[in-house]
Amino acid sequence: MRNPRLRFLGALMVGVLALTAAACGDDDDDAATTEGTAESTDEGTANESGGSVTIGYIPWDEDIAVTYLWQHVLEENGFDVTLEQLDVAPTFVGVAEGDLDLFFDTWLPITHEDYWTQYGDQVEDLGVWYDNAKLTIAVPEYVDATTIADLAGMEDTFGSEIVGIEAGAGLTRVTRDEAMPAYGLDGYELTTSSTTAMLAALKEATEAEEPIVVTLWRPHWAYAAFPIRDLEDPEGAMGAAEEIHTIARKGFSEEFPDLAEAISAFEMDDDQLGSLEAAIFQDNPDDPAAGVAAWAAENQEFVDSLLG
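Conventions used here
- Residues numbered from 1 in each chain as written.
- Predicted model: local features only at pLDDT ≥ 70, side-chain atom pairs only at ≥ 80, totals over all residues.
- Heavy atoms only, no water.
- Axes fitted to C-alpha atoms, helices over the stretch in contact; angles between N-to-C directions.
- Helix = DSSP H or I, 4+ residues; strand = E, 2+ residues; numbered from the N terminus.
- Parallel < 35°, antiparallel > 145°, perpendicular 65-115°, else oblique.
- Contact = heavy atoms within 4.5 Å.
- Buried < 20%, exposed > 50% of the residue type's maximum accessible area, 1.4 Å probe, protein only.
- Pairing = 2+ DSSP bridges.
- Core = buried A, V, L, I, M, F, W, Y, C linked by side-chain atoms within 4.5 Å.

1. What to know about the packing of helix 2 (residues 61–76) against helix 11 (residues 270–282)
Reasoning step 1: Closest axis-to-axis distance for the helix 2/helix 11 pair is 10 Å, and the angle between their directions is 90°. When the axis of helix 2 is compared with that of helix 11, the two are roughly perpendicular. For the pair helix 2 and helix 11, contact is made by Asp-61, Glu-62, Ile-64, Ala-65, Val-66 and Leu-69 and by Leu-273, Leu-276, Glu-277, Ile-280 and Phe-281, respectively.

2. Some thoughts on unusual backbone geometry
Reasoning step 1: Cis geometry is found at the peptide bond from Leu-108 to Pro-109, where omega equals 15°.
Reasoning step 2: Here Arg-218 and Pro-219 are connected by a cis peptide whose omega angle stands at 10°.
Reasoning step 3: You can see Pro-219 is positioned in the loop between strand 9 (214–218) and helix 8 (222–225).
Reasoning step 4: Positive phi, normally seen in glycine, also occurs at Ser-160, with a value near 55°.
Reasoning step 5: Inspection of the secondary structure puts Ser-160 in the loop between helix 5 (155–158) and strand 7 (161–163).

3. Thoughts on the pairing of strand 9
Reasoning step 1: Burial runs high along strand 9: four of the five residues are buried.
Reasoning step 2: With five bridges connecting them, strand 6 (residues 123–140) and strand 9 associate as antiparallel partners. Within strand 9, the residue paired with Thr-136 across the bridge is Leu-216.

4. Observations regarding the environment of Leu-190
Reasoning step 1: By the secondary structure assignment, Leu-190 is in strand 8 (residues 189–191).
Reasoning step 2: Taking the C-alpha atoms as reference points, Leu-190 and Ile-165, separated by 25 residues in sequence, lie 9.2 Å from one another.
Reasoning step 3: Here Leu-190 is in contact with Ile-162, Gly-164, Thr-172, Thr-175, Arg-176, Met-180 and Thr-215, once residues within four sequence places are set aside.

5. Section: the nonpolar core
Here is a general trend for soluble globular proteins: nonpolar side chains tend to be buried in one another's company.
Reasoning step 1: Core analysis: the largest hydrophobic core is formed by 97 residues, its most contacted members being Leu-69, Trp-70, Leu-151, Leu-259 and Met-268.
Reasoning step 2: The element contributing the most residues to this core is strand 6, with nine residues.
Reasoning step 3: Filtering out sequence-adjacent residues up to four positions away, Leu-69 remains in contact with Phe-266, Met-268, Leu-276, Val-292, Trp-295, Phe-302, Val-303 and Leu-306.

The structure is reproduced here in structure tokens:
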């Protein structure tokens, strides 16, 4: 699943800045970083002092939101943060090979099962930050279909098309390999391109009050932005609720023990995540960092708590 055209960053140079001092609110002058290498302590853990962190992320909205949130938090505390947007397969490869430090959007046990089987023993699992993630198939509220089974026989209504997202996404695999066979939807084509293209098609269709079927997931701001509903899944073909895990490259917890511990304790509920996504995708769609900054200003206590 390696993409030979993908250019990952080279070996990361690790700088030094005392994370514990930054978390206590040191002045900006104290947050200056210098290049260097973490040294081991007597206890065998790294002498954590900040430095460079590369976060890989996929174009799923909750991942964009959380990734930019952690970029904001880390940079406010003196870290040099690089973001790399990739498809899911090269993201897992990047973390497994150590070219990426973190990835915040591993869906388990279903959506990213294939990648976890292949790469799970080559990464660190830093824990769950959201535990009610669901894959869905959604339609506008004004169409008659209420279950996925209802789509069979309605091919003419929907142009025989289910509008999907990236071809390599677990959502695409589950829809194609599980839901469509389970409900006899062989009269449909699952088209794939990108999450952005799917949302654009959904926006266009709902503004014109035209029928459309899309693959989607919860949590997602689209449920608040568009008049849509999930189709019921009586067969459970789309899977049960999942957990979203943060994974890190091997050795990350040893090099950054305090940061790894903070990320392991990180959690967001539906209200927090929903308001963060709205601040980005509805209020600042062209500037995620600005959306996070605006949200952080209104949720400063939560933001300050992330690094303890």
